[in-house]
Amino acid sequence: MNLLPLWEVFVRTRRGLDHKHIGSLHAADGAQALQAARDTYTRRQEGVSIWVVEASKIHASQFEDNASFFEPAEDKVYRHPTFYDVPDELNL
Amino acid sequence: MDQNSVSNDQARFDQIIDAEEKIEPRDWMPEKYRLNLIRQISQHAHSEVVGQLPEGNWIGRAPTLRRKATLLAKVQDEAGHGLYLYSAAETLGESREKMMDDLLSGKAKYATIFNYPTLTWADVGAIGWLVDGAAIVNQISLCQTSYGPYARAMVRICKEESFHMRQGFEIMQVLSNGSHTQKSMAQDALNRWWWPTLMMFGPHDSDSAHSQQSMKWKIKRQSNDELRQKFVDQTVEQAKHLGLKIPDKDLRWNSEQGHYEFGPIDWDEFQRVVKGGGLCNRDRLCARRRADEEGGWVRDALIAYEEKRCVRDKGEAA
Amino acid sequence: MNKHFQYVLRMGDNALILGQRMSEWCGHSPFLEEDIAMANCALDHVGRARMLLTHAGTLEDKGRTEDDLAFLRDEREFFNFLICELPIGDYAFTLMRQYLLDAYHFHLYSRLQKSSDSVLAAIAAKAIKETTYHVRRSGDWVVKLGDGSDESHRRMQDALEEVWGYTGELFAVDEVDDYASRKEIGPDPEALRLDWERDVFDKLRTATLSIPDEVWPISGGRKGVHTEAMGGLLAEMQFLQRSHPGLNW
C-alpha cells in the first residue's frame, strides 16, 4: 500500500483558546488535509478553526536533549514570584 | 550508546511509569514496550476499521431514516476511531502503510467478534449494546494507559462511544417491546452475540501471553478477567430490563462476592475463529483488500497531481 | 397530484436516493479519511431527505411520515433524477456524479433560500452550508483525479461520458417546475442551467477533461420511469418495512 503524506492537526475548540494538537491524518496536500481534518476531527462541533502542518516540517526537541534543554531552568527559582520576600498584606 | 546511559534511560523510563506519568513519542522507551504498544494499538485500530463492515451491512437496510442516519454516523465513528488509533501508533514510528499491509496479509489480528455475520436488524442493536458495551469497559480502563498518545486517543474515543452503546440499547429496547417476531429477533441476536462478546476480553489471565508484561508497563491497567467480570455484572442487569434471557444456564448471582458467576467460555471456538474459521474471516479481508485496491489508483493519482503542481509552481516562480 | 407536494417530494427523493448510494461506500472507501468524509456527505443528504420528505408529507396532508414516503412507495412513485440512483461504480464515477450534483444543488439551494415556501427556504438555508462544502470537496477531487495520473484521467473521462447524458434531466421543465417557478417556490430551471454549465465547464476544463460532444439525453425520473438499478436499491432499502409491515423500529 502506498501512502499520502502525514499531517498533524491542530484545532481551536472555541474563541479565546489556543489551537491544540488533536491528532494526525494522511492527505495529498494542505487543502485536502484541511478538509479531512474538518471531516474527522470536528464532527461534533469540536472546532472553530483548524491548522494542519505537514508532519515532516515540524522540528521537535529530542529526548537526548532534555537534560541540556530543560534542566538548567530548575535552579532559576528567582523567576518565580514566590522567591521574593515581601509583606503579605500589600498583595503584591 | 554505552551501557551506562542505557541504564540511565531505563531508570528514567521506570521512574515515569512508577509516577503514573505518561511516556511521550520522542522519549526513550524499551524496544519491547514500543513493539508491544504497536501491536496492541494497531490491533485495536484494525478492529475499528474491520468493525465497520458487520454493521455497515445494515446501513442500506435500516428500517427508518432516523435509524439509517444514526447507524451511518455510528459506523463512521468507527472509521474515525481507527484513524485516531493509527495516528497514535504512527507516533511510535510505525507507518500506517505497514500496519495496513500487515492487516491485509493476515499477519495482524483484529477483534475476532467481527468475523461473525450480522443476520438480522437486531444484530445491529446487539452489537451496539454488547460489543460496544464491552469495548467501552475495556477502553475506559485504557484511558489510564501509560503511553500518552494512546491514552489521549482513548479519552476521545470513550467520549464518542457513549452514544454507540445507547443507540444499540435503544434498538434492543424497541424490539423487545415490539411484536412477537421482533422480540424473538432480539433474543436470537443476544444468543448469538453473548459468548463472542465475552471472548472479546481475551484469554483468562492465567493463559494470557502478553498481559503480565503489559500490566507491568501500565499499558493495560486491568486484567482480562477483571474487565470481563465488570461487563457481565452490568450487562445482566440491562438484559433484565429488556426482558431478554442471557444464554448461560450457569449464570447466577454470588452475593458473597457481589458478582455474577458465569459458565465456561468455549475457547476452542475462539481459537477456531482467530485462526480463520469464522463465517466472515475471508469476507472481511476481501472487503478491505478491495478497498485498498480501489485506493491504490486513487492515491497514485493524488501523488501524481501533487508532483505536477509542484513543477507548475516552480515554473511560475522562475 | 398536488404540485407543490410533488415539487418538494422530488427533491426529497433526490436526497434520499443519493444518500442511500453514497452510504454504500461506508467501510469500503479508498482510504480511511475518505470513509469518514464520504459518510459525512451521505449524512447530510439523509438528513436533508428527512426534512424534505416530512415537509412533503405535510403538504400532501394525508398523514404520511418521512418513513411512509421512504419505505412504502413503489418504484413508479419515486421521482428522483435518474443520475442519483445509478450504481456507485468506481471512485471516479462516484466523485464525478457527486460533483455534477453538488454544483447543481449549490445553485438550487442558493435560490431556494428565497422560496415563497418558508419551510423550504429554511431547509435550503441549512442545506446551502453543507452543499458549499460538498461542492468544494468534490470539485477539488475532480481536478485532482482528472489531472492526476493517466489512469485516473482515463477513469474520470469515462465516468464523465457515462454520466453526462443523465444531466439533461436536471434542467428539464414540466408542469410541476412551471408551477413552482410561477409561485416562486422554486427557481427557473433555465437560469439554473446557465449557472451550472458555467461552473461545470470551467471545472472540467481545469481538470483537463473534455465535455462529451455526443449527447444522449435520458430522462424518466420525474415520471417515475427508472433505470433497472432502482428496483434493487428499493428492494434493499425497504426490505424490513415491507417484510414486517406496520411495526415500530
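In this text the structure is predicted, and so the values were computed from the model without any measurement. (Residues numbered from 1 in each chain as written. Chains lettered and ligands numbered in written order. Predicted model: local features only at pLDDT ≥ 70, side-chain atom pairs only at ≥ 80, totals over all residues. Heavy atoms only, no water.)

**Brief notes about the overall build of chain C**
Along the backbone of chain C there are 10 helices and 0 strands. Against the globule reference of 18 Å for 249 residues, chain C gives a C-alpha radius of gyration of 18 Å, in line with a compact fold. Each principal axis of the C-alpha distribution contributes one length, and for chain C these read about 55 × 40 × 30 Å. Looking at chain C as a whole, 61% of its 249 residues are labelled buried. Carbon and sulfur atoms provide 51% of the accessible area of chain C, an area that totals close to 9,400 Å². Here chain C carries 28 positive and 42 negative side-chain charges, and the mean point of each set is 5 Å from the other. (Helix = DSSP H or I, 4+ residues; strand = E, 2+ residues; numbered from the N terminus. Rg over C-alpha atoms; globule rule 2.2 N^0.38 Å. Buried < 20%, exposed > 50% of the residue type's maximum accessible area, 1.4 Å probe, protein only. Areas by Shrake-Rupley, 256 points an atom, 1.4 Å probe, with all protein chains shown as cover. Lys, Arg positive; Asp, Glu negative; His and termini not counted. Charge placed at Lys NZ, Arg CZ, Asp CG, Glu CD.)

**Brief notes about helix α10 (residues 229-243) of chain C**
Its 15 residues place the ends of α10 of chain C 21 Å apart at the C-alpha level, agreeing with the 21 Å of an ideal helix rising 1.5 Å per residue. Within α10 of chain C, the axis deviates most sharply at Met237 of chain C, by approximately 50 degrees. Every buried residue belonging to α10 of chain C is among Met230, Leu233, Leu234, Met237, Gln238, Leu240 and Gln241 of chain C, and all of these are buried. If you follow the buried residues of α10 of chain C, they end up packed against α4 (65-90) and α6 (121-142) of chain B together with α1 (3-22), α3 (66-71) and α4 (82-85) of chain C. (Expected span 1.5 Å × (residues − 1). Bend = angle between axes of the 7 residues up to and from the residue. Contact = heavy atoms within 4.5 Å.)

**Some words on the confidence of the model for chain C**
Mean pLDDT over chain C works out to 96, with 100% of the residues at or above the 70 mark. Overall fold confidence (pTM) sits at 0.94, and the ipTM for the predicted complex is 0.97. (pLDDT = per-residue confidence, 0-100.)

**Regarding the pairing of strand β2 (residues 19-26) of chain A**
All names here are of chain A. Bridging between strand β1 (residues 6-12) and β2 involves 7 bridges; their strand directions are antiparallel. From the neighbouring strand, Val9 faces β2, where its bridge partner is Gly23. The antiparallel pairing of β1 with β2 creates a hairpin that spans 6 residues between the two strands, and Gly16 there sits at a positive phi of about 95 degrees. (Pairing = 2+ DSSP bridges.)

**Topic: the interface of chain B and chain C**
With 46 residues of chain B in contact, the opposing surface of chain C contributes 47 residues. Of all residues in chain B, Leu65, Gln76 and Trp297 of chain B bury the most surface against chain C, accounting for 19% of the area lost on that side. Across the contact surface, chain B and chain C share 3 salt bridges. For Arg312 of chain B, the salt bridge identified is with Asp147 of chain C, shortest N-O distance 3.4 Å. Between the two partners, chain B and chain C, sit 17 residue pairs in polar contact (both at pLDDT 80 or more). Here the side of chain B that touches chain C is composed, by residue class, of 26 nonpolar, 10 polar and 10 charged. (Buried area = accessible area lost by both parts, 1.4 Å probe. Salt bridge = Lys/Arg side-chain N within 4 Å of Asp/Glu carboxyl O. Polar contact = N/O pair within 3.5 Å; in protein donor to acceptor, adjacent residues only side chain to side chain. Nonpolar A, V, L, I, M, F, W, Y, C, P; charged D, E, K, R; others polar.)

**Brief notes about the interface of chain B and chain A**
The figure often quoted for interface size is the accessible area lost as the parts come together. Between chain B and chain A, the residue contacts involve 27 residues of the former and 24 residues of the latter. Buried area between chain B and chain A, summed over both chains or domains, comes out near 2,400 Å², and the portion from carbon and sulfur atoms is 52%. Its largest share of buried area at the contact with chain A, chain B owes to Arg26, Arg156 and Arg299 of chain B, together 24% of the area lost on that side. Linking chain B with chain A are 5 salt bridges. In this structure, Asp77 of chain B and Arg43 of chain A form a salt bridge, with 2.5 Å as the shortest nitrogen-oxygen distance. Counting every contact that joins chain B to chain A gives 7 residue pairs in polar contact (both at pLDDT 80 or more). Secondary structure elements with two or more residues in the side of chain B that touches chain A: α1 (3-18), α4, α5 (96-104), α7 (148-176) and α12 (281-317) of chain B. When residues in the side of chain B that touches chain A are grouped by element, the largest group, 8 residues, is from α12 of chain B. By residue class, the composition of the side of chain B that touches chain A is 7 nonpolar, 4 polar and 16 charged.

**Digging into the packing of aromatic side chains**
Residue and element names in this part refer to chain C. Counted by the stated rule, this structure contains 24 aromatic pairs over all chains. Relative to Trp141, the ring of Phe31 lies with its centre 6.5 Å away and its plane at 40 degrees, an arrangement referred to as tilted. In this pair, Phe31 sits in the loop between α1 and α2 (32-60) while Trp141 sits in helix α6 (residues 118-146), placing the two residues 110 residues apart along the sequence. One exposure class covers both Phe31 and Trp141, and it is buried. Summarising the aromatic geometry, the rings of Phe171 and Trp196 are spaced 5.1 Å apart at their centres and angled 50 degrees between planes, so their arrangement reads as tilted. Here Phe171 is found in the loop between α7 (150-164) and α8 (175-182), whereas its partner Trp196 is found in helix α9 (residues 189-206), with 25 residues between them in sequence. (Phe/Tyr/Trp six-rings, centres within 6.5 Å; stacked < 30°, edge-to-face > 60°.)

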